[in-house]
Amino acid sequence: MEQVVDPNVAWIGWALVLAFNLLLTVIGTWLILRRRREE
Amino acid sequence: MSGQFLNIPTPTSGMVIGSVIGTACLLIVAVALGLIAKRRWKSYDEFLVGKRDFGPWVTGFALCGAYLSGWAFCGSTGMVYKFGFSGMWFGGIWGLVGIIPAIWLAATKTRDFAEKLNATTITETLGRRFESKGLQTIIAISMLFFLFMYSVGQLKAAGGVWYAVTGLRPFWCLLICIAIAWVFLAVGGYTGTQWFIAVKGAFIGFVGGLLSIWALIYAGGLGKISDALMAQKPALMTLMDRSLPPVGVTEVFSTYIGIMATPIIFLTMAIGFPHNVSRFLGMKKLSNRDFAILIGVVFVVVGIPNMLDCSSNGLVARMLFGTNLLENKQWGADLAAPMLSWAIGGTGLMCLYLTALVGAALGTLSALVFIMSANVTRDIVKLWRPQTSDQSLIGMNYFLIALFLFLPFYWTLQNPPQLLVLFMGLAAMGLGSIFFFVTVISYYWRGATKVGAMLTVIFGTVFALFGGWAVMGRKPPLLGLGTTEWILITGCAITYFGGSLLTKAPSAKLLDKLFPPKKAEMAIKPGLVGE
C-alpha cells in the first residue's frame, strides 16, 4: 500500500526533535554548571 | 542519466589544482604543528599525554575533530541523498545531544581519574581503576581490535571522492597523507595529534556549516525542497519509509524499533568512543567558565553541520542531482556532499570541501592510530614488562604508528577481505556499547567490578562480530541494525551491572581516593574532613 505523504509532517517532526535537543543541551549544561559550583 | 538534473562534472584543471593546493596547505600545517609539538615532550609519559595543560578551546575543537569522521562529514549526507528524510534525521539530531553528554559525563572525570591514577591512556586508567592487569590487557586487545576495524574504512570515502573529483588516482594523495600523519603523530606525540585534530575540527566545522547554510539558501528554503522532492518521489519526505526492508541496515529507516535505536547508537558512540574520551586525558583542570566554553565550542562546531548534514544537505543534493549520482556504481551516494558543494558554490567550494574531507579522514584516523599504538606499548608491553626502557617503547610506537597507518591505506586501494568488511560494519556500535559502560559508568558507580567490566568487553566483542554477520553478511539478513543495537546495549548493561553486583569491588582505599565524599556529605559528617 502506498504511503500518503504530507511533507509538513516531516519538517514539523524534525523541528520538534531539534528543539527538544537544543533545550536539553541548554538545561543539562546549566544543571551541570550549577552542580560544579556546589562542589 | 536524467537530463532534468545535474550530472557529475568532468574534472577541470581548476578542480585539480585547487584540490592539490588545499590538501598541500593542510599537510604543511600538520607538519608544522608536529615539529612545534616535538619541543613539548621529553619523556614517554609526556609523549602519550602531553603536560595535561590543554584548555577548553583546543580540547573542544579536538573533540569535534575526533568525532567528525569522514563518514559523519560525507557519508551521512549520502544516506539522506539515497533514502530521503528517513535516512538520518533522527540519528543526526541526536548526534548533537550525544556529543554534549560526552562532555557532561566524561570530560572532568577522565582528567581527574587519569591524574589520580597517574595513567596516560584510557585503558591504563581503567586497569588501575579496577586494580586489574588482566582487565587492562583484555580491554587493550578488544580496543585494538575494534579500533583497527574502524580505522580500515576511514580513508575510503576520502580516497573515492578525491578520485571522482580530480580524476587523479588516490594512491599518491593518500600515501603522502599517511606519511605526513606519521610525522605529526611520531614527532608531535599526543600534543601534535591533539593540535592537528583541533585545527581539523575547527576547519571542517567551518566548511560543514558554510556548506549547510549555503545549501539551504540556494535551495530557496524548506518549502522549495519539499516541493521538489514530492515531485520526484514522495517517500523521500517521510520520517519513516515503510517501503524499505524492515531487516538489515534499512531497519533504522523503516521501523519504530530501528528509528528509536538511532539515538542510542549515536549517544553511546559519542560517549564510548575511546578516541573521543582520550581528548580529555591531556586537559587542564577546568573552571566553570572553561567548562562552558568547552560546551559552546562543541555545540557550534558539531551541532550545526551535523544536524544539517543529516537532513537538509542530502535532500538538497537529491533535489539538484535526482538519482544521477547513484548511477555511478563505484562511489554512488558518497558523492552527494562534494557534488552539492560544486553545484552551489562552484570549483572553489568543492576544493574547500575536498580539503576538509581529507582532513576529516586523516584526523580521525590519527586519533585512532595513536590509541592503537599506545594500546600495545603502554597497555601490554609496559604493563607486563615494566623494565622496558622508555626509548624502546617510543621506538616501538614509531613503528606501530607506521603499521597502523599503512593498513587502512592498503585496504583503501585493495578491497579488504570479506570477513573484515563484515566486522567493520558493527565496529563503531560495538565500541560505543562496551565503553559507554566500562569507561563512563565506571566513573560514577563505586560498585563496578573488574568481573562486570570483563564480561561486558567479552559479550560486546562477540555479539558485535555476530551482529556484523547477521545484519550484513547473511542473505537475507537475520536481524535488523536497530534490533542488533538494542540486544547489544541491553546485553552490555546486564553483563556490566549483573557481573558487578555478584562480585567484589576494588579496595575501599582506592575507591575513597576516586570517589571522595562531596562537600555536603562532609558537612554532615565532619569527621570525614580529617580522614
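All figures in this text were calculated on a predicted structure; none of them were measured in a lab.

Rules behind the numbers
- Residues numbered from 1 in each chain as written.
- Chains lettered and ligands numbered in written order.
- Predicted model: local features only at pLDDT ≥ 70, side-chain atom pairs only at ≥ 80, totals over all residues.
- Helix = DSSP H or I, 4+ residues; strand = E, 2+ residues; numbered from the N terminus.
- Rg over C-alpha atoms; globule rule 2.2 N^0.38 Å.
- Buried ≥ 20, exposed ≤ 12 C-beta atoms within 10 Å, placed from the backbone.
- Axes fitted to C-alpha atoms, helices over the stretch in contact; angles between N-to-C directions.
- Left-handed = near helix turned anticlockwise from the far one by under 90°.
- Nonpolar A, V, L, I, M, F, W, Y, C, P; charged D, E, K, R; others polar.
- pLDDT = per-residue confidence, 0-100.
- Contact = placed C-beta atoms within 7 Å.
- Core = buried A, V, L, I, M, F, W, Y, C linked by C-beta atoms within 7 Å.
- Parallel < 35°, antiparallel > 145°, perpendicular 65-115°, else oblique.
- Arc of directions from axis to C-beta.

## As for the overall build of chain B
The secondary structure content of chain B amounts to 22 helices and zero strands. Compactness check: chain B gives a C-alpha radius of gyration of 23 Å against a globular reference of 24 Å for 531 residues, within 12% of the reference. In terms of overall dimensions, chain B has C-alpha extents of about 80 × 50 × 45 Å along its principal axes. Looking at chain B residue by residue over its 531 residues, the buried ones come to 59%.

## Let's talk about the overall build of chain A
Scanning chain A from N- to C-terminus turns up one helix and zero strands. Across the 39 residues of chain A, 18% fall into the buried class.

## A few points about the packing of helix α9 (residues 170-219) of chain B against helix α15 (residues 336-384) of chain B
Residue and element names in this part refer to chain B. Contact geometry of α9 with α15 gives a least axis separation of 6 Å together with a crossing angle of 145°. α15 is crossed by α9, and the crossing has left-handed handedness. Here the residues of the contact of α9 with α15 are counted per class, giving 26 nonpolar, six polar and one charged.

## Overview of the confidence of the model for chain B
Residue and element names in this part refer to chain B. Per-chain confidence: chain B averages 89 in pLDDT, with 95% of residues scoring 70 or above. When mean pLDDT is compared element by element in chain B, helix α20 (residues 481-502) scores highest at 97, while helix α22 (residues 519-524) scores lowest at 62. Predicted as a complex, the structure gets a pTM of 0.91 and an ipTM equal to 0.87.

## Structural notes on the environment of Ala66(B)
All names here are of chain B. The residue Ala66 is located in helix α3 (residues 56-67) in this model. Residue class for Ala66 comes out buried when judged on the 27 C-beta atoms lying within 10 Å of it. Placed 296 residues apart in sequence, Ala66 and Leu362 show a C-alpha to C-alpha distance of 9.8 Å. The residues touching Ala66, leaving out its near neighbours within four places in the chain, are Ile197, His275, Asn276, Arg279, Thr364 and Ala367.

## Re the interface of chain B and chain A
At the interface, 27 residues of chain B touch 19 residues of chain A. Among the elements of the structure, α5 (89-116), α10 (222-232) and α14 (288-321) of chain B are those that each provide at least two residues to the side of chain B that touches chain A. The greatest single-element share of the side of chain B that touches chain A, amounting to eight residues, is contributed by α5(B). Looking at the side of chain B that touches chain A, its residues break down into 20 nonpolar, four polar and three charged.

## Describing unusual backbone geometry
All names here are of chain B. Here Lys475 and Pro476 are connected by a cis peptide whose omega angle stands at -5°. Turning to its location among the elements, Pro476 is positioned in the loop between α19 (450-473) and α20. A positive phi angle, close to 50°, is found at Glu131, a residue other than glycine. Its location among the elements puts Glu131 in the loop between α6 (122-129) and α7 (133-152). In this structure Glu131 comes out as partly exposed when scored by C-beta crowding, with 15 C-beta atoms within 10 Å.

## What to know about the environment of Thr377(B)
When you line up the elements, Thr377(B) lands in helix α15. Thr377(B) sits 206 residues away from Phe171(B) along the chain, and the two C-alpha atoms are 30 Å apart.

## Brief notes about the nonpolar core
Residue and element names in this part refer to chain B. If you look at the biggest cluster of nonpolar residues, it comprises 188 residues, and the most contacted ones within it are Val161, Val298, Leu340, Tyr353, Leu357 and Ala427. In terms of residue count, α15 provides more of this core than any other element does, 27 residues in total. In contact with Val161, not counting residues within four places along its chain, are Cys74, Trp331, Asp334, Leu335, Pro338, Leu354 and Leu357.

## With respect to the packing of α7(B) against helix α18 (residues 427-444) of chain B
Residue and element names in this part refer to chain B. In contact at an axis separation of 9 Å, α7 and α18 are set at 150° when each is read in the N-to-C sense. As summarised for this structure, α7 and α18 are arranged roughly antiparallel, according to the angle between their axes. Between α7 and α18 lies a crossing of left-handed hand. Along the contact surface, α7 presents Ile139, Ser142, Phe146, Met149 and Tyr150, while α18 presents Ala427, Ala428, Gly430, Leu431, Ile434 and Val438. Each residue belonging to the contact of α7 with α18 can be placed in one class, and the counts come to nine nonpolar, two polar and no charged.

## As for α6(B)
Residues and elements named next belong to chain B. In terms of burial, α6 is largely enclosed, as eight of its eight residues are buried. Within the sequence span of α6, burial applies to Ile122, Thr123, Glu124, Thr125, Leu126, Gly127, Arg128 and Arg129. After α6 finishes, the residue Glu131 shows a positive phi value of roughly 50°.

## Overview of α10(B)
The set of residues buried in α10(B) consists of Ile225(B), Ser226(B) and Leu229(B). For α10(B), the angular spread of buried residues about the axis comes to 100°, placing them on one side. For α10(B), exposure combined with an orientation more than 90 degrees from the buried face picks out Gly223(B) and Ala231(B). Residues of α10(B) that are buried sit in contact with α1 (7-38) of chain A together with α9 and α14 of chain B.

## Comments concerning the environment of Val277(B)
All names here are of chain B. Within the secondary structure layout, Val277 lies in helix α13 (residues 274-277). Among the residues examined, Val277 registers 26 C-beta atoms within 10 Å and is labelled buried. When the C-alpha atoms of Val277 and Tyr67 are compared, they prove to be 10.0 Å apart, with 210 residues separating the residues in sequence.

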